[in-house]
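# Summary of the model geometry
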Amino acid sequence: MKRWIKWTAGGALLLGVVVVATAASGLYLAEQKRNRYIDIKPRPVAYTTDAQTIERGRYLYASRGCTDCHGAQGTGREFVNDGKGTRIVGPNITPAGVVARYQPEDWNSTIRHGVKPNGRPVMVMPSEDYNRFTNDDLNALVSYVRQFKPQEGAKAVVELPRPAWVLYGLGAIPDAAARIDHQLAPSRPVPAGVTMANGQYVANMCIGCHGADLSGGKIPGGPPDWPAAADIRPGADSAMARYPNAASFVAMLRTGKRPDGTPIQVMPFESLGQLSDVDAQALYLYLTAPGGVAKAGGSGAAGAGPAPAGAEVGARDSDADAHVVRAEQSAGQPNRPSNVPSVSSGLRMPG
């Protein structure tokens, strides 16, 4: 009996040592990862004051999650505080804030790649959502942000419980820079419209939470009590099966509620509610594509997306688009601005 007690005590002690050693190793590796240098090829962003471009940038800022973290005026805001050790504050990105000394190429590395001007990874910034921005759209977004008036605001705060830092150090919670293919070319321009191509492009804003394949799962870096992101790929088991037509899906984006009236947690509805009718319907079309072809990752770039425009998917666009438009009109969905300017070819924020 005494021998059994000794073995049990010895096993518990050994397990404790392993746990402590693993935690210490995770914390050490986390510090190393936070301070690693990531070499990004510079790509200067074109600054402009063209009215159409600025309006496109305003729309992108309002509808792609920027306001959720940085506020409508760019002064920063606290957007996560669970009272259990997780507190995240998006920084001030007016000219008086963290971007005051940004060079044209710094905007590209931060927004598209999740890499600070000093080459270190940005924590929490969902750059995987913005990595597939076309050059035109990135230029428009940056040009709009640069119009903000200098104001005092918040500084970036990333406070996570120690177990979260351990998991980050051990690779269980990757930062955005680790999830991005930094060699991938920007998406080619996509015309506005209720089309598969535009829907695929809009779906890039879903990657940060739902994953590159849109299969859902635990949200990287989210508090432990956050629900898992839903699987939004086409199919009977998809959360999209709840939405029989585009009108019901668009209503969810506007209200934050499912068709049965139950509220959806965590989703950034402050931004999603600003999607134009055209983009929202295109997103629905893409996420419910016949044959389950939906996969985020951009539109038009080589190797990205499920199928090239004009292939099998493109051949179905006209009939499917007409169906979506009719469904929207017949449901009497409240009107939203659908003529959001699309910046012509040729022309998810800093943390």
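Refer to the structure presented above.
Structural notes, computed from the coordinates. (Residues numbered from 1 in each chain as written. Predicted model: local features only at pLDDT ≥ 70, side-chain atom pairs only at ≥ 80, totals over all residues. Heavy atoms only, no water.)

### So, the packing of aromatic side chains
Inspection of the entire model under this criterion finds eight aromatic pairs. Consider the rings of Tyr61 and Tyr144, whose centres lie 5.7 Å apart with planes at 55 degrees: the pair is tilted. Of the two residues, Tyr61 sits in helix H2 (residues 51-63) while Tyr144 sits in helix H6 (residues 135-145), which places them 83 residues apart along the sequence. Ring geometry for Tyr144 against Phe148: centres 5.3 Å apart, planes inclined by 70 degrees, an arrangement best described as edge-to-face. By relative accessible area, which is 17% here, Tyr144 ends up buried. Among the aromatic side chains, those forming a connected cluster through ring pairs are Tyr61, Tyr144 and Phe148. Taking NZ or CZ as reference, Lys33 lies 4.5 Å from the ring centre of Tyr168, over its face. Taking NZ or CZ as reference, Arg146 lies 3.5 Å from the ring centre of Tyr47, over its face. (Phe/Tyr/Trp six-rings, centres within 6.5 Å; stacked < 30°, edge-to-face > 60°. Helix = DSSP H or I, 4+ residues; strand = E, 2+ residues; numbered from the N terminus. Buried < 20%, exposed > 50% of the residue type's maximum accessible area, 1.4 Å probe, protein only. Lys NZ or Arg CZ within 6 Å of the ring centre and 35° of its normal.)

### Here we look at the pairing of strand E1 (residues 77-81)
As paired elements, E1 and strand E2 (residues 87-90) share four bridges and run antiparallel to each other. Along E2, the bridge assignment pairs Arg77 with Gly90. Connecting E1 to the antiparallel partner E2 that follows it, the hairpin turn spans five residues, and Gly83 within it adopts a positive phi of roughly 70 degrees. (Pairing = 2+ DSSP bridges.)

### Regarding the pattern of salt bridges
Pairing between side chains of opposite charge can happen when the charged atoms of each approach one another. Counted by the stated rule, this structure contains eleven salt bridges. The salt bridge involving Arg56 is made with Asp137; its shortest N-O contact spans 2.9 Å. Of this pair, Arg56 sits in helix H2 while Asp137 sits in helix H6, placing them 81 residues apart in sequence. Across this residue pair, the class does not change: Arg56 and Asp137 are buried. Across the pair Arg77 and Glu270 runs a salt bridge whose closest N-O atoms are separated by 3.0 Å. Note that Arg77 is positioned in strand E1 and Glu270 in helix H12 (residues 269-272), a separation of 193 residues in sequence. Residue Arg77 is classed as partly exposed on the basis of its relative accessible area of 29%. Residue Glu270 is classed as partly exposed on the basis of its relative accessible area, which comes to 42%. A cluster of three or more residues bridged by salt bridges with shared partners is formed by Glu78, Arg87 and Glu159. (Salt bridge = Lys/Arg side-chain N within 4 Å of Asp/Glu carboxyl O.)

### Some remarks on the environment of Tyr37
Within the secondary structure, Tyr37 sits in the loop between helix H1 (2-34) and H2. For the pair formed by Tyr37 and Asn118, sequence separation is 81 residues and the distance between their alpha carbons is 8.0 Å. Setting aside its immediate chain neighbours within four residues, Tyr37 contacts Asn118, Gly119 and Arg120. (Contact = heavy atoms within 4.5 Å.)

### Concerning the packing of helix H4 (residues 104-113) against H6
Where H4 contacts H6, the axes come no closer than 11 Å and their chain directions differ by 110 degrees. The angle between H4 and H6 places the two elements in the roughly perpendicular class. Classified by chirality, the crossing of H6 by H4 is right-handed. From H4, Trp107, Asn108, Ile111 and Arg112 reach across to H6, where they touch Asn135, Leu138, Leu141, Val142 and Val145. Each residue belonging to the contact of H4 with H6 can be placed in one class, and the counts come to six nonpolar, two polar and one charged. (Axes fitted to C-alpha atoms, helices over the stretch in contact; angles between N-to-C directions. Parallel < 35°, antiparallel > 145°, perpendicular 65-115°, else oblique. Left-handed = near helix turned anticlockwise from the far one by under 90°. Nonpolar A, V, L, I, M, F, W, Y, C, P; charged D, E, K, R; others polar.)

### Points about H4
With eight of ten residues buried, H4 is to be regarded as a mostly interior element. For H4, the complete set of buried residues consists of Asp106, Trp107, Asn108, Ser109, Thr110, Ile111, Arg112 and His113.

### Focus: the nonpolar core
A general tendency of soluble globular proteins is for nonpolar side chains to be buried together. Tyr61, Trp107, Ile111, Leu141, Phe249, Leu275 and Leu287 are the most contacted members of the largest nonpolar core, which has 51 residues in total. Of all the elements, helix H13 (residues 277-287) adds the most residues to this core, at seven residues. Listed in part, the six residues of the second largest apolar core include Ala30, Met123, Leu160 and Trp165. (Core = buried A, V, L, I, M, F, W, Y, C linked by side-chain atoms within 4.5 Å.)

### Some thoughts on empty space enclosed by the protein
If you add up the space inside the largest cavity, you get close to 60 Å³. Lining the largest cavity we find Arg64, Asp129, Tyr130, Arg132, Phe133, Tyr201, Val202, Asn204 and Met205. Only helix H5 (127-130) and helix H9 (196-203) provide two or more residues apiece to the lining of the largest cavity. Within the lining of the largest cavity, the residues separate by chemical class into five nonpolar, one polar and three charged. (1 Å grid on protein atoms, 1.4 Å probe; cavity = no way out; pocket = protein on both sides within 12 Å on 5 of 7 lines; lining within 4 Å. Points joined across faces, edges and corners; volume = space filled by probe spheres on them.)

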